[in-house]
Amino acid sequence: MSASVLNIDRSDRPRVLSGIQPTADSFQIGNYLGAIRRWVTLQDTHDAYYCVVDQHAITVDYDPAVLHRRTLVSFAQLIASGLDPQRSTIFVQSQVPEHSQLSWVLQCITGFGEAGRMTQFKDKSQREGADRSTVGLFTYPVLQAADILIYQANGVPVGEDQRQHLELTRDLAQRFNSRFGETFVVPEPLIVRETAKILDLADPGAKMSKSAPAGCLFLLDSPEVTRKKIKTAVTDSGREIAFDPVAKPGVSNLLALIAAFTQQTPQQVAQGLSGGGYGDLKAAALAAVLEFQEPFQARVNDLLSDPVALMDYMRMGADRARGAAQDTLRKVYERVGFVTLEGR
Ligand code: TRP
C-alpha cells in the first residue's frame, strides 16, 4: 500500500458513518444484503467510516474470549464484503477512545427520561431482567450518538430499527449546538431499504434472524450447512414457480434470495425458471448463495490467517479515525469549558 493511495483526500465529499456489532460468529445474509452492500457502494461517493462497535457488544452478558474472536472475524468480514481499507476508514470502536470521551459529555446533556424512552433499551432490558440490565445498556444510544457525531457524519446508513437512535443523535447534536455554539453536523438517517426482505427458510412467516439459526443463512456457513438449509427450506403446495409472496411465501422467498444475489427482480428469476420444479428452484438458490460465499470465505480465511496484516489494517483505520475524532473532541472540550493542556 503506497502512501499516495493512503492519503487520498475525500474531505470534499459528504461523510457517512455506520457500525455493526460483533455479536455473532458470522454476519448473516441479511446484514450483507440489507446494510453492508449499501456501505460498499457508498465508498464511491462518500468519505466513508465503518466501525465494529465492540463497546456496544459489552452492554449485555458476553464472554471476553468470544468477543475478541468475533471482533477480528467481523472486521475481516467487512473487508471481504468489499469495503476497501484504502478508500474507507474501517476500524474498531474501542481503538478510538475519543468515542467514550465524547459519550460522557453527551450523557451529561441527555435526559434520564429521554434515554428511558428508547425502545431498543426497553426491549433488551426486559429480556435481561431489570436487575441484570446494566447502565451501559441504558447509555448505549448515547455512545452511538458519539460514534456518529465525533466524525461530523452527514449521513448514517442504518436499518429502520435504528431510526429512534438517529433521532436522539440529531436531538443531542442540536441541543449541544444551541447551548455551546455550532459544533456538530446534524446527521441524516439514510434508512437502508432492504432490497429484498429475506424470510426464515424454515418458517417463511417470519423474518430471517440469527435467533432462529435453522432458517438463517450465515455468510460463513460451510457449503454443507448452506446446502442443508436450502434443501430443507419450506416450499408451498402446488408445483409452479411464481413470485407471489401471499400465496407462495416459501417459493417467493427463494426467488427473492436468488434475485438479491444476481441483480435481477424476483419476477425475472421466476421467468427464467418457468417450466422447472421446486428442485430446480432450490438448486438455483444454492448456486447463487455459494457463488457469493465461496470467494467471500476464502478472503476471510486469508485475512484471518495473517494476523499481522489484519492488525495493520486495524491500525491504519484507527489512526485515520483518531485524526478526525480528535479534531471534534478538542472543540467539544473547549466549548464545554474544560481546561485543556494544549498550546502551553
Ligand atoms: N446500534 C446499531 C445496531 O444495533 C449499531 C451501531 C452502533 C451503529 N454505533 C453506530 C450504527 C453508529 C450506526 C452508527 O445496528
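Look above for the structure.
Given the structure is predicted, the values throughout are model-derived calculations rather than measurements.

Undergrad: Before we go on, may I ask you to explain the overall build of the chain in this structure?
TA: In terms of helices and strands, the chain carries 14 helices and seven strands. For the chain, the C-alpha radius of gyration of 22 Å lies close to 20 Å, the compact-globule estimate for 344 residues. Based on the C-alpha atoms only, the size of the chain along its principal axes is roughly 80 × 50 × 40 Å. Looking at the 344 residues of the chain, the share that counts as buried comes to 48%. Considering only contacts in the chain between residues 6 or more positions apart, those separated by 24 or more positions represent 75%.

Undergrad: Would you take a moment to explain the packing of aromatic side chains for this structure?
TA: Working definition: an aromatic ring pair is given by the centre-to-centre distance plus the angle between the planes. Summed over all chains, the structure comprises 12 aromatic pairs. With centroids separated by 6.4 Å and ring planes inclined at 10°, the aromatic side chains of Tyr32 and Phe261 adopt a geometry described as stacked. You can see Tyr32 sitting in helix H2 (residues 29-42) and its partner Phe261 sitting in helix H11 (residues 249-262), a full 229 residues away along the chain. Here Tyr32 falls in the buried class, since its relative accessible area comes to 10%. Ring geometry for Phe121 and Phe138: centres 5.0 Å apart, planes at 70°, overall edge-to-face. In this pair, Phe121 is assigned in helix H7 (residues 119-128) and Phe138 in helix H8 (residues 135-149), connecting sequence segments 17 residues apart. When sorted by exposure, Phe121 lands in the same class as Phe138, which is buried. Site record: aromatic cluster; members linked through ring pairs are Tyr32, Phe261, Phe292 and Phe296.

Definitions and limits used
- Residues numbered from 1 in each chain as written.
- Predicted model: local features only at pLDDT ≥ 70, side-chain atom pairs only at ≥ 80, totals over all residues.
- Heavy atoms only, no water.
- Helix = DSSP H or I, 4+ residues; strand = E, 2+ residues; numbered from the N terminus.
- Rg over C-alpha atoms; globule rule 2.2 N^0.38 Å.
- Buried < 20%, exposed > 50% of the residue type's maximum accessible area, 1.4 Å probe, protein only.
- Contact = heavy atoms within 4.5 Å.
- Phe/Tyr/Trp six-rings, centres within 6.5 Å; stacked < 30°, edge-to-face > 60°.

Remember, this is a structural readout, not a statement about activity or role.
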